[in-house]
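Read off the chains here:
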Amino acid sequence: MSKSAPREHSQKQLHLSLRAQPFEIPPLWDALLIGRRAPIGPEAARRMAESLSPGQYELIPLEGSVIEACLVRKKLLQLVEAESLVQLLLEECAQMLDEETVIRVHLDPELQARRTLRLR
């Protein structure tokens, strides 16, 4: 009787990772940076946002930049001045910006507070 080669056993597994986030209408995130020669212009982006989510976005035109305008969720503008927010977006996204680009930005505001109270 001859020894047969040991059988190889095959085992298949499925690994599944899941990440869930709330779905928001419109799926624009919090801001769009719209380049001067982007495939969608600022006014078209504003109309799109307005049709999907009336009254939730504000269009901020920009001068002297490769970015023609920034479409921003109004809730953010209640927390931060428009000028400061746009400056932050332009600085942080600088390496991605060009005249033909539309960049969508997700911002996650978090309030941190610290107080010192007098002991009794």
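For the structure, see preceding data.
Residues numbered from 1 in each chain as written. Predicted model: local features only at pLDDT ≥ 70, side-chain atom pairs only at ≥ 80, totals over all residues. Heavy atoms only, no water.

Draft legend 1. Quick look at the overall build of the protein chain. A count of helical and extended segments in the protein chain gives 3 helices and 4 strands. In the protein chain, the order of α-helices and β-strands from amino to carboxyl end is β-α-β-β-α-α-β. Split into buried and exposed, the 120 residues of the protein chain put 28% on the buried side. Put simply, 64% of the contacts in the protein chain that link residues at least 6 apart link residues at least 24 apart. Accessible surface, the protein chain as shown: approximately 10,400 Å² in total, 51% of it carbon and sulfur. (Helix = DSSP H or I, 4+ residues; strand = E, 2+ residues; numbered from the N terminus. Buried < 20%, exposed > 50% of the residue type's maximum accessible area, 1.4 Å probe, protein only. Contact = heavy atoms within 4.5 Å. Areas by Shrake-Rupley, 256 points an atom, 1.4 Å probe, with all protein chains shown as cover.)

Draft legend 2. Quick peek at the side chain of Ser53. Looking at the secondary structure, you find Ser53 in the loop between α1 (42-52) and β2 (57-61). Note on Ser53: relative accessible area 2%, which makes it buried. In terms of polar contacts, Ser53 uses its side chain to reach the side chain of Gln56, at 3.0 Å. (Polar contact = N/O pair within 3.5 Å; in protein donor to acceptor, adjacent residues only side chain to side chain.)

Draft legend 3. Broad picture of the pattern of salt bridges. Applying the stated criterion across every chain, the model contains 4 salt bridges. Taking the shortest distance from any N to any O, the salt bridge between Glu99 and Arg37 comes out at 3.0 Å. Of this pair, Glu99 sits in the loop between α3 (82-92) and β4 (102-105) while Arg37 sits in the loop between β1 (31-35) and α1; the two residues are 62 residues apart in sequence, bridging distant segments of the chain. Accessibility expressed as a relative area gives 29% for Glu99, which makes it partly exposed. Where Arg37 meets Glu100, a salt bridge forms, and the shortest distance between an N and an O atom there is 3.4 Å. A residue pair is termed long-range when its members are at least 10 positions apart, and Arg37 in the loop between β1 and α1 and Glu100 in the loop between α3 and β4 qualify at 63 residues. Judged by its relative accessible area of 54%, Arg37 is exposed. Taken together, the shared-partner salt bridges in this structure form one network comprising Arg37, Glu99 and Glu100. (Salt bridge = Lys/Arg side-chain N within 4 Å of Asp/Glu carboxyl O.)

Draft legend 4. Main features of the side chain of Thr101. With respect to the helices and strands, Thr101 occurs in the loop between α3 and β4. The class for Thr101 is buried, based on a relative accessible area of 17%. A distance of 2.5 Å separates a polar atom in the side chain of Thr101 from a polar atom in the side chain of Asp98. The contacts of Thr101, once residues within four sequence positions are left out, are Leu33, Ile34, Gly35, Ala38 and Met96.

Draft legend 5. The arrangement of α1 in detail. Within the span of α1, buried status applies to Pro42, Ala45 and Ala49. With its buried residues spanning 65° around the axis, α1 presents them on a single face. Residues of α1 that are buried in the fold lie against β1, β2 and β3 (67-73). (Arc of directions from axis to C-beta.)

Draft legend 6. Representation of the nonpolar core within the structure. Of all hydrophobic cores here, the largest spans 18 residues; its most connected members are Leu33, Cys70, Val72, Leu89 and Val105. Those elements that place two or more of their residues in this core are β1, β3, α2 (74-77), α3 and β4. In this structure, Leu28, Leu32, Ile34 and Ala45 belong to the second largest nonpolar core, which totals 8 residues. (Core = buried A, V, L, I, M, F, W, Y, C linked by side-chain atoms within 4.5 Å.)

All quantities given are derived from atomic positions and should not be read as evidence of function.
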